[in-house]
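# Coordinates in review
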Amino acid sequence: MNIFDSKNRSALLASMAETHYDLVIIGGGATGAGTALDAASRGMKVCLVDKQDFAAGTSSRSTKLIHGGLRYLKQLEIALVREVGRERATVHRLAPHLVVAEKMLLPLIKGGTYGRFSTSLGLMVYDVLAGVESADQRVMLSKEETQQREPLLREDIVEGSGLYAEYRTDDARLTLEVLKTAATFDAHCINYVEVTDFLYNKKNKVVGVVCEELLTGKSLNIKARQVVSAAGPWVDELREQNKSLEGKRLHLTKGVHIVLPHDRFPVKQSVYYDMPDGRMVFAIPRGTITYVGTTDTDYHGNKERPRTNLEDVEYLLDGANRIFPSVNLTVEDVISSWAGLRPLIHEDGKSASELSRKDEIFVSDTKLISIAGGKLTGYRKMAERVVDRVAKRLKKKFDLEFGPVRTSKIDLCGATTLANAEAVKAYQKRIEAKLLPLGFSVHDASYLVHNYGEQTDPILAHFLAKENKTPLELLRSELWFGFSQEMVISPMDFFSRRTGRLYFDIASVREHKDVILEDFRTHFGWDDARFAQDKAYLEQAIEEASTFPAGRLPEAKGL
Ligand code: FAD
């Protein structure tokens, strides 16, 4: 059974209720997805549930960089920088279409915290810790070279720069491809299923979860030898439910990104620059837009739908206008935005920006394992640590034997025939040869290849069989793929987590939403009430991404 075909949902749910799993994972963000793939590929029988769509938590709301976290060097988090720095090349190898090398420019500011020598040294240490190949290691640029590389930078205070290697990605798609790859090892993964309680045995150990299937309201119990909570910002809620919330707790901070049309903020390349308060922010060009972020502020509001407010936008615009003075950006230029919550581990007396990004594992007396903190970039290593623990317990308690981690050798879905960046380039050329004669652009081809990798082939085959070869029909072929291969259940799954259009091409969402909504109605046989609910929810999401209220926001419930 193809469990990612949204039509197979009932059969999948029936199978979940009947199976006794080795491992049930709560949360389909990057951490849970990585855990599912690691465990399933070692031979465990795995089930993963998410109460929202996959990646709808923090894992679709990051800066979308696979990076070593240069700034953690400043905080002397050497082990963290080494681990995530080294992971960059591994994750790139597993999905070269989705994790793409990107040079980052770090301007040296007159009177700034770091001069040429300390920046050069810092970047060198970063390269060494991350094991960056010599051809790719940092170079220091003169003032003139910096201006050539990024003419928008302010001439009077920028004295030169460091240029170093990072990778960019799409966090939600990376999470999804990890989950789809887990499914090839027989993992059962499902969205819109919420864990509401735990099942316990007579010795008060967790032996499964009580769930509610949110589309129908039906409840189901899932039995498991081990339960792992990878619930991101919700980890403490589940620990509380498990009556094991003691010791360290989460500290949530909100990070906002804003999106501007590239012709309004035409940076030639990614820049990592100083803010007046000493923080650092990225400006990243991507197709037809440039995005800027992030903020870092304590957060106590609604976890399902953190929102960008006016103060966040003004803070990011002020910083950009200071370093790129000719662009004169205003709130009216901001076309979209997203806000995410960092599930960090609280440390007394430390501010949002000072908190460690290290991951932490909690094991309760009832044997619930929870994992929180960490980085998208480190998802594979975090998963390895958790699954090692699970394997140890399954051996001790049930005498079940599982092999060691294998995930550094498992290509992700979409990349099984794309060995490296060169292969991706060649593949894109083949896609361009099909699309350009029909009036599509190189950007259209690049979008498809970087979103779907080699899965562009079935999407294009579906599209090319149609009479009308318009952008709308191509979008509908993506939707066909989403329905049949990616468990798309709601329009937001499609426009946000499968295609990224809500952020990177919000105009196309506005233009095509009505036709796409009708396709949902037809595909799922929605009645008028369900149609109206999803239409309203999509319209609200568009509104929330593109308008920025001042002050405290009313509580909102997510779908
Ligand atoms: P989440 O993605 O939040 O997943 C948890 C999931 O659990 C959610 O989908 C939720 O719906 C589900 N869940 C919760 N409760 C239940 C329940 N009761 N039943 C079922 N499901 C449940 N890292 C990088 O490496 N690079 C970056 O550039 C980067 N930038 C960042 C920028 C920002 C602004 C933020 C906020 C973070 C950034 N990070 C970055 C960190 C990274 O995004 C996170 O570490 C990572 O996404 C966390 O993933 P997760 O799976 O632990 O949590």
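Above this text is the structure in question.
Anyway, here's the lowdown on the structure attached to this text. This is a predicted model, so every value here is computed, not measured. (Residues numbered from 1 in each chain as written. Predicted model: local features only at pLDDT ≥ 70, side-chain atom pairs only at ≥ 80, totals over all residues. Heavy atoms only, no water.)

### Brief notes about the layout of surface pockets
Our working definition: Both cavities and pockets are sets of points on a 1 Å grid over the protein atoms alone; in a cavity a 1.4 Å probe fits but cannot get out, in a pocket the set is open with protein on both sides within 12 Å along at least five of seven lines, and lining residues sit with an atom within 4 Å of a point. Grid points are joined across faces, edges and corners, and a volume is the space filled by probe spheres set on the points. Put simply, DSSP H or I for four residues or longer makes a helix, DSSP E for two residues or longer makes a strand, and each gets a number counted from the N terminus. Throughout this entry, Asp, Glu, Lys and Arg are counted as charged residues, while Ala, Val, Leu, Ile, Met, Phe, Trp, Tyr, Cys and Pro are counted as nonpolar. The remaining residues, Gly among them, count as polar.
Roughly 1,000 Å³ of internal volume is contained in the second largest pocket. Together, 46 residues line the second largest pocket, and Gly287, His443, Ser446, Tyr447 and His450 are the ones closest to its centre. Considering each element in turn, the lining of the second largest pocket owes the most residues, 7 residues, to helix α12 (residues 442-452). For the lining of the second largest pocket, a count of residues per class yields 16 nonpolar, 18 polar and 12 charged.

### Overview of helix α5 (residues 116-130)
This is how it is decided: One less than the number of residues in a helix, times 1.5 Å, gives the span that helix is expected to have. Only heavy atoms matter for contacts: two residues are in contact if any of them lie within 4.5 Å across the pair.
Spanning 15 residues, α5 covers 21 Å between terminal C-alpha atoms, matching the ideal 21 Å at 1.5 Å per step. Each element contacted by the buried residues of α5 is listed here: α3 (70-74), α4 (78-94), β4 (100-109), β5 (139-141) and β6 (158-168). Just downstream of α5 lies Gly131, where phi reads positive at about 65 degrees.

### Regarding the site of the ligand
The cut-off we apply is this: It suffices for a single heavy atom of a residue to lie within 4 Å of a molecule or strand for the residue to be listed as near it. Here a polar contact means two N or O atoms within 3.5 Å. Within protein one must be a hydrogen donor candidate and the other an acceptor candidate, and residues neighboring in sequence count only if both atoms are side-chain atoms. Only the protein chains shown count as cover for residues, and the accessible areas themselves come from Shrake-Rupley with a 1.4 Å probe.
Every one of the 38 residues lining the ligand counts as a neighbour, but Thr31, Asp50, Ser59, Leu65 and Thr377 are closest to it. At 2.6 Å from an oxygen atom of the ligand is found a side-chain nitrogen or oxygen belonging to Asp50. When the ligand is considered free in solution it has 1,000 Å² of accessible area, and contact with the protein chains removes 97% of it. Listed by contribution, the elements that provide at least two residues to the shell around the ligand are α2 (30-41), β8 (193-200), β11 (250-261) and β16 (336-345). Among the residues making up the shell around the ligand, the classes are represented as 13 nonpolar, 18 polar and 7 charged.

### So, the packing of α12 against helix α13 (residues 456-464)
So the rule is basically this: To obtain each axis, a line is fitted to C-alpha atoms, and for helices this fit is confined to the stretch in contact; angles are then taken between N-to-C directions over 0 to 180 degrees. Angle categories are assigned with fixed cut-offs, so that under 35 degrees is roughly parallel, over 145 is roughly antiparallel, 65 to 115 is roughly perpendicular, and the rest are oblique.
With their axes 9 Å apart at the nearest point, α12 and α13 run at an angle of 130 degrees to one another. Between α12 and α13, the angle falls in the class oblique. On α13, the residues touching Leu448, Val449 and Tyr452 of α12 are Thr456, Ile459 and Leu460. Classifying every residue of the contact of α12 with α13 gives 5 nonpolar, 1 polar and no charged.

### Looking at the packing of aromatic side chains
Which entries qualify depends on this criterion: Ring pairs shown here join Phe, Tyr and Trp side chains whose ring centres sit within 6.5 Å, with only the six-membered ring taken for Trp; geometry is labelled stacked below 30 degrees between planes, edge-to-face above 60, and tilted in between. When a residue's accessible area, from a 1.4 Å probe over protein chains only, is under 20% of the maximum for its type it is buried; when over 50% it is exposed; and in between it is partly exposed.
A full pass over the atoms with the stated rule returns 20 aromatic pairs. With centroids separated by 5.7 Å and ring planes inclined at 80 degrees, the aromatic side chains of Tyr126 and Tyr164 adopt a geometry described as edge-to-face. A residue pair is termed long-range when its members are at least 10 positions apart, and Tyr126 in helix α5 and Tyr164 in strand β6 qualify at 38 residues. Taking relative accessible area as the criterion, Tyr126 reaches 0% and is therefore assigned buried.

### A word on helix α7 (residues 171-184)
Since there are 3.6 residues in each turn of an α-helix, residues three or four apart along the chain are aligned in direction. Helix length check: α7, at 14 residues, gives a terminal C-alpha distance of 20 Å against a target of 20 Å (1.5 Å per residue), a fit within 8%. The buried fraction of α7 is high, at 13 of 14 residues. The N-cap of α7, judged by a side-chain oxygen 3.1 Å from the amide nitrogen of Ala172 a few residues on, is Asp170. Following α7 by one or two positions, Asp186 has its phi on the positive side, about 75 degrees.

### With respect to the environment of Asp38
Within the secondary structure layout, Asp38 lies in helix α2. Separated by 82 residues in the primary sequence, Asp38 and Ser120 have C-alpha atoms spaced 37 Å apart. Among residues more than four places away in sequence, those in contact with Asp38 are Ala383, Glu384, Val387, Val405 and Thr407.

### Here's the deal with unusual backbone geometry
Backbone torsion omega between Gly293 and Thr294 reads 25 degrees, so that peptide bond is classified as cis. Within the fold, Thr294 resides in the loop between β14 (289-293) and β15 (297-298). Of note, the phi angle at Lys243 is positive, near 55 degrees, even though the residue is not glycine. Even without glycine at this site, Lys367 takes up a positive phi of about 75 degrees. Structurally, Lys367 is set in the loop between β17 (359-363) and β18 (369-373).

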